Amino acid sequence: MTTLIEVINHGPLRELRLARPPVNALDTELCRHLIQAINQAMSEDVHGIVLSGSERIFSAGMDVPHLLGHGDDKHRLLDSWQAFFGAVRTLAECRVPVVAAMTGHAPAGGCVLALCCDYRIIARSPDAAHPTVIGLNEVQVGLVAPEGIQRLMRRVVGHHRATTLLVGGEMVPAERALQIGLVDEVVDADLVVARAVAWLQNLLKLPRQPMLLTRAIARADLHEALHADLIQLDRFVDAWYAPDAQQALHGLVARLGKG
């Protein structure tokens, strides 16, 4: 079986590295593997998780060509999105701290994964002409970010700024993401994972139960945001088939050179 999640242990910490070339696009299988990897880490009493990606890309978000390949099969499409939101909820509900070690770009679904983590570290842009970017660009590809996903963005950057970013589907360079609180650190790409491990190691020095219980209280709004009533997956899937959404999605695939 193909390994879609590489497991690297750092003492009591575990790095889960997305490993689906070329851009860690989130198809149904990768999402299910991520759920399994997190659950396995919990069963083995791992004390903290680092979620990382590959060079220059954390995750490109949902695999749109894969989703369009479902055609008019609404049940398969619903299954794929359920797998994605299942991975998102598993990450959000993880009972130990998780750091997003964004080794590169994190658009759309990649950004959603990061927003569910406790701390976000992203690779510094190589230069001004080639920024490392993060954001929820759903509008640009013809999708609507559900209320629950919008809440994830609001809880880290504030209501007004989240609205501006979401409505415009804006992708934010790493350095600006730091200024607005969308990420917590910007470091050289080869240091991203090491910094994530170091941040978790500092947490492990604290009294364990008080830290975990305080964290649970602080993240209650995150769990609430991902409640099914705030995602409304049936409505989301129906919107997928709207003509303007389909036009934008097929346009995206054409730009990717896969259409």
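Residues numbered from 1 in each chain as written. Predicted model: local features only at pLDDT ≥ 70, side-chain atom pairs only at ≥ 80, totals over all residues. Heavy atoms only, no water.

Looking at the overall build of the protein chain
Regarding its fold elements, the protein chain presents 13 helices and ten strands. Compactness check: the protein chain gives a C-alpha radius of gyration of 17 Å against a globular reference of 18 Å for 259 residues, within 12% of the reference. Summarising its shape, the C-alpha atoms of the protein chain cover approximately 55 × 40 × 40 Å along the three principal directions. Here the protein chain holds 259 residues, and 53% of them are scored as buried. Expressed as a percentage of contacts within the protein chain between residues at least 6 apart in sequence, the contacts between residues at least 24 apart total 76%. On the protein chain, roughly 11,700 Å² of surface is accessible, and the fraction owed to carbon and sulfur atoms is 55%. Counting 24 positive and 28 negative side-chain charges, the protein chain places the averaged centre of each group 4 Å from the other. (Helix = DSSP H or I, 4+ residues; strand = E, 2+ residues; numbered from the N terminus. Rg over C-alpha atoms; globule rule 2.2 N^0.38 Å. Buried < 20%, exposed > 50% of the residue type's maximum accessible area, 1.4 Å probe, protein only. Contact = heavy atoms within 4.5 Å. Areas by Shrake-Rupley, 256 points an atom, 1.4 Å probe, with all protein chains shown as cover. Lys, Arg positive; Asp, Glu negative; His and termini not counted. Charge placed at Lys NZ, Arg CZ, Asp CG, Glu CD.)

Let's talk about the pattern of salt bridges
Tallying each qualifying case throughout the model produces 16 salt bridges. Its salt-bridge partner being Arg-154, residue Glu-147 comes within 3.0 Å of it at the nearest N-O pair. Across the pair Arg-151 and Glu-224 runs a salt bridge, and its minimum N-O distance is 3.5 Å. Taken together, the residues span a long stretch of sequence, with Arg-151 in helix H5 (residues 147–157) and Glu-224 in helix H10 (residues 220–225) at a distance of 73 residues. By relative accessible area, which is 49% here, Glu-224 ends up partly exposed. One network of salt bridges, in which partners are shared, links Glu-147, Arg-151, Arg-154 and Glu-224. (Salt bridge = Lys/Arg side-chain N within 4 Å of Asp/Glu carboxyl O.)

Overview of the sheet that holds strand E8 (residues 133–135)
Spatial strand order, E4-E6-E8-E9: four strands in an open sheet with mixed pairing. Among the strands making up the open sheet, the edge pair consists of strand E4 (56–57) and strand E9 (172–173). The pairing of E4 with strand E6 (residues 104–107) spans two bridges and is parallel. Looking at the pairing, Ile-57 lines up with His-105 of E6. (Pairing = 2+ DSSP bridges.)

Re the packing of aromatic side chains
Applying the stated rule across the entire model yields seven aromatic pairs. Arranged with centres 4.6 Å apart and planes meeting at 80 degrees, the rings of Trp-81 and Phe-236 form a pair that is edge-to-face. One end of the pair, Trp-81, is in helix H3 (residues 74–92); the other, Phe-236, is in helix H12 (residues 233–240), with 155 residues separating them in the sequence. Considered together, Trp-81 and Phe-236 belong to a single accessibility category, that of buried residues. Residues Trp-81 and Trp-240 carry aromatic rings whose centres are separated by 6.2 Å and whose planes lie at 70 degrees to one another, so their mutual orientation is edge-to-face. Remark: Trp-240 occurs in helix H12 and Trp-81 occurs in helix H3; sequence separation between them is 159 residues. Taken individually, Trp-81 and Trp-240 each receive the classification buried, so the pair is uniform in this respect. By the ring-pair criterion, three or more aromatic residues cluster together here, those being Trp-81, Phe-84, Phe-85, Phe-236 and Trp-240. (Phe/Tyr/Trp six-rings, centres within 6.5 Å; stacked < 30°, edge-to-face > 60°.)

Describing the packing of H3 against H12
At their nearest, the axes of H3 and H12 sit 10 Å apart, and the two run at 125 degrees to each other. By the criterion of interaxial angle, the relationship of H3 to H12 is oblique. Seen along the crossing, H3 lies across H12 with a hand that is right-handed. Two secondary-structure elements touch here, H3 through Lys-74, Leu-77, Leu-78, Trp-81, Gln-82 and Phe-85 and H12 through Leu-233, Asp-234, Phe-236, Val-237, Asp-238 and Trp-240. Taken together, the residues that form the contact of H3 with H12 break down as eight nonpolar, one polar and three charged. (Axes fitted to C-alpha atoms, helices over the stretch in contact; angles between N-to-C directions. Parallel < 35°, antiparallel > 145°, perpendicular 65-115°, else oblique. Left-handed = near helix turned anticlockwise from the far one by under 90°. Nonpolar A, V, L, I, M, F, W, Y, C, P; charged D, E, K, R; others polar.)

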